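Spelled out, the chains give:
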Amino acid sequence: MEQTNNQIQDDSMIDNQRPRYRVAMIIITIATLLISLYGKLMTIGWMTVLLIWTGLPIAHFALFTMSGINVANKKNKTMKDYIYFAILCISLILFTFTFVDVGDMGTNAITSKINSNILSKICIVSLVVNIFASIKCWDKKTKPNGKNKKKEENDI
């Protein structure tokens, strides 16, 4: 069956082969990283120092940065890509700002108005969600748009 030029394209393709918002997404990734580093510095204590020696926070921030830049550079972004990117950024900020650490004079937290147990639960959930979103941002599956699909059918 022949396709016409006025055919409605797949709505799941937001970008239609153009990398829109690429620079904005990279800037948001870097800004989120800097805000999160600030949050991490506000709660620094012995646990953070020990974790830095193991390299886990550095690896986590590197995974976040690479995932954010990966989704920014991805062609044919779908609405899911934008949603995962937003979840990625929000969960990292939540993770770093709800982290409760142990310092020389007791616990270190951004806010003392919220119970440490509640902050810790939010922190753990945010970390798991952030790692999940980081993995989803590396998903390379893309649907071909109508032009590619037509070309593939002609090639067969």
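Structure report, in brief. All values reported here derive from a predicted model rather than from experimental measurement. Residues take numbers from 1 onward in each chain, read along the sequence in its written order. Local features in a predicted model are, by the rule used here, given only for residues with pLDDT of at least 70; side-chain atom pairs are given and counted only at 80 or more, and totals for whole chains, interfaces and linings are based on all residues. To get the side-chain values, all heavy atoms of the structure are used, and hydrogens and water are removed first.

**What to know about the overall build of the chain**
In step 1: Numbered from the N terminus, helices here are DSSP runs of H or I no shorter than four residues, and strands are runs of E no shorter than two. Per the secondary structure count, the chain includes 6 helices and 2 strands.
In step 2: Moving toward the C terminus, one meets the helices and strands of the chain in the order α-α-α-α-β-β-α-α.
In step 3: Working definition: with a 1.4 Å probe on protein chains only, accessible area under 20% of the residue-type maximum means buried, over 50% means exposed, and in between means partly exposed. The buried share of the chain, taken over its 156 residues, is 31%.
In step 4: Whether two residues are in contact is decided by their heavy atoms, any of which lying within 4.5 Å being enough. A separation of at least 24 residues holds for 82% of the contacts in the chain among residues at least 6 apart in sequence.
In step 5: Areas reported as accessible are Shrake-Rupley estimates using a 1.4 Å probe. Residue values count occlusion only from the protein chains shown. For the chain, the computed accessible surface area is about 10400 Å², with 67% contributed by carbon and sulfur atoms.

**Looking at the pattern of salt bridges**
Pairing is possible between side chains of opposite charge, provided their charged atoms come close.
In step 1: Should a side-chain nitrogen of Lys or Arg be within 4 Å of a carboxyl oxygen of Asp or Glu, the pair is scored as a salt bridge. Per the counting criterion, the structure on display carries 1 salt bridge.
In step 2: Residues K74 and D81 are paired through a salt bridge, measuring 3.0 Å at the closest nitrogen-oxygen approach.

**Considering the packing of helix α1 (residues 22–42) against helix α3 (residues 56–73)**
In step 1: Axes here refer to lines fitted to C-alpha atoms; in helices the fit is confined to the stretch in contact. Angles between the N-to-C directions go from 0 to 180 degrees. Viewed as axis vectors pointing N to C, α1 and α3 meet at an angle of 165°, and their least axial separation amounts to 8 Å. Here α3 runs roughly antiparallel to α1, going by the angle between their axes. Note on packing geometry: the crossing formed by α1 with α3 is right-handed. Touching R22, M25, I26, T29, T32, L33, S36 and L37 of α1 are F61, F64, T65, G68, I69, V71, A72 and N73, all from α3.
In step 2: Any residue that is not Ala, Val, Leu, Ile, Met, Phe, Trp, Tyr, Cys, Pro, Asp, Glu, Lys or Arg is counted as polar, Gly included; the first ten are nonpolar and the last four charged. Here the contact of α1 with α3 is composed, by residue class, of 9 nonpolar, 6 polar and 1 charged. Working definition: roughly parallel below 35 degrees, roughly antiparallel above 145 degrees, roughly perpendicular at 65 to 115 degrees, and oblique for all remaining angles. Crossing handedness is read from the near helix: turned anticlockwise from the far helix by less than a right angle, it gives a left-handed crossing, and turned clockwise, a right-handed one.

**So, the packing of aromatic side chains**
In step 1: In this analysis, rings of Phe, Tyr and Trp, with Trp reduced to its six-membered ring, are considered paired at centre separations within 6.5 Å, and the interplanar angle assigns stacked below 30 degrees, edge-to-face beyond 60, and tilted for intermediate values. Counting across every chain of the model gives 2 aromatic pairs.
In step 2: Consider the rings of Y84 and F132, whose centres lie 6.4 Å apart with planes at 75°: the pair is edge-to-face. Of the two residues, Y84 is situated in helix α4 (residues 79–98) and F132 in helix α5 (residues 116–137); the sequence distance between them amounts to 48 residues.
In step 3: Over the face of the ring belonging to F99 we find K40, whose NZ or CZ atom lies 3.7 Å from the ring centre. Remark: a charge is flagged as sitting over a ring if the NZ atom of Lys or the CZ atom of Arg is within 6 Å of the ring centre and within 35 degrees of the ring normal.

**Regarding α4**
In step 1: Residue count minus one, scaled by 1.5 Å, sets the expected span of a helix. Under the 1.5 Å per step criterion, the end-to-end length of α4 is 28 Å for 20 residues, consistent within 8% with the ideal 28 Å.
In step 2: The inward-facing, buried residues of α4 contact α1, α3 and α5.

**Let's talk about α3**
Given 3.6 residues per helical turn, the α-helix brings residues three or four places apart onto the same face.
In step 1: Between the first and last C-alpha of α3 there are 25 Å, a value that for 18 residues agrees with the 26 Å anticipated at 1.5 Å per step.
In step 2: Taken residue by residue, α3 has P57, H60, F61, F64, T65, S67, G68, N70, V71 and A72 as its buried positions.
In step 3: Buried residues along α3 sit in contact with α1, α2 (46–54), α4 and α5.

From the geometry alone we can't say anything about function, so treat these as descriptive.
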